[in-house]
Amino acid sequence: MAPSANVGPKLDEPAPLFTARTTLGTCALEDYRGQWVVLFSHPADFTPVCTSEFIAFQNALPEFEALNCALIGLSVDSVYSHIAWLESIEAKFDVKITFPVIEDVSMAVSTAYGMIHERSSSTATVRSVFIIDPNGILKALTHYPLTVGRSVNELLRLLKGLQLSERESVAIPAEWQPGGEVLYNAPCLFNDAIKAHDGQAWYFRKVANDTGEQDEVTS
């Protein structure tokens with residue numbers, strides 16, 4: 001079977017550029033250079049799981065902004081459908097959505113980012129999330145099915161982990177939470193490896209906290 005021509009971007013490569021109409025006017029990815037971006041798609045307006053997600057994203061928006069990160073939503077619905085849906089959310093749930101939502105009727109952005117399966121019987125986008133760094137490089141991506149909503153708290157954890165890893169040149173362990181122990185990156189030279197002490201494994205050395213202090217835990 002021949003591979004698809006639209007498999008989407010790969011990690012550590014430039015995210016596909018776009019200029020699109022949104023609920024807040026024209027939006028281009030280049031407008032966000034210097035910021036982190038969380039670009040996320042939803043299958044359709046006026047659907048229950050998507051509504052819950054938009055409320056959760058909006059409630060967490062100050063936390064994303066504190067991390068120098070912008071939110072951008074997307075679906076293949078028209079901007080008119082988006083506006084009507086967001087007005088309904090505000091009226092019924094008292095939550096005003098203030099981040100832009102892309103109209104992607106042509107599916108140009110969805111296709112460039114690999115959000116629509118080539119053999120799908122529906123044009124609905126899957127629940128995709130793309131985290132893009134301030135230089136426009138894709139640093140993380142996730143895909144969820146239509147039926148399961150995303151955890152905004154997990155996306156915040158992922159974003160914080162990415163930022164910390166880049167800032168301090170450390171690795172983020174499983175189940176890490178902000179403020180918790182992180183790890184030295186594994187050494188790639190024998191001379192570096194033999195510097196490990198106090199019985200710690202050379203490939204698993206902890207850093208005491210996430211403030212950049214290079215104190216090893218010796219438990």
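For the structure itself, look to the data block above.
Here is what the cut-offs are and how they apply
- Residues numbered from 1 in each chain as written.
- Predicted model: local features only at pLDDT ≥ 70, side-chain atom pairs only at ≥ 80, totals over all residues.
- Heavy atoms only, no water.
- Core = buried A, V, L, I, M, F, W, Y, C linked by side-chain atoms within 4.5 Å.
- Buried < 20%, exposed > 50% of the residue type's maximum accessible area, 1.4 Å probe, protein only.
- Helix = DSSP H or I, 4+ residues; strand = E, 2+ residues; numbered from the N terminus.
- Contact = heavy atoms within 4.5 Å.
- Axes fitted to C-alpha atoms, helices over the stretch in contact; angles between N-to-C directions.
- Parallel < 35°, antiparallel > 145°, perpendicular 65-115°, else oblique.
- Left-handed = near helix turned anticlockwise from the far one by under 90°.

Okay, the nonpolar core next. One finds Phe54 and Phe64 to be the most contacted residues of the largest nonpolar core, which totals 28 residues. Looking at this core, the elements that each hand over two or more residues are strand S3 (36–41), helix H1 (48–66), strand S4 (69–75), helix H2 (79–93), strand S6 (127–132) and helix H4 (152–168). Here this core gets seven residues from one element, more than from any other, and that element is H1. For Phe64, the contacting residues outside a window of four places in its chain are Val38, Phe57, Cys69, Leu71, Val152, Leu156 and Leu159. One finds Ala20, Leu29, Leu39 and Ile132 within the second-largest nonpolar core, a separate group that totals 18 residues.

Turning to the packing of H1 against H2, a few remarks are in order. For the pair H1 and H2, the least separation of the axes is 11 Å and the interaxial angle reads 75°. Taken as axis vectors, H1 and H2 run roughly perpendicular relative to one another. Of the residues in H2, those in contact with Cys50, Thr51, Phe54 and Ile55 of H1 are Trp85, Leu86, Ile89 and Phe93.

This next bit is on the environment of Ala84. In this structure, Ala84 sits in helix H2. Separated by 38 residues in the primary sequence, Ala84 and Phe46 have C-alpha atoms spaced 9.0 Å apart.

Attention shifts here to the packing of H1 against H4. Remark: H1 packs on H4, axes separated minimally by 10 Å, with the N-to-C direction vectors making an angle of 25°. With respect to each other, H1 and H4 are oriented roughly parallel. Between H1 and H4 lies a crossing whose hand is right-handed. Side by side, H1 and H4 meet where Ala56, Phe57, Ala60, Glu63 and Phe64 of the first sit next to Val152, Leu155, Leu156 and Leu159 of the second.

Without other data, these values stay purely geometric and don't point to any function.
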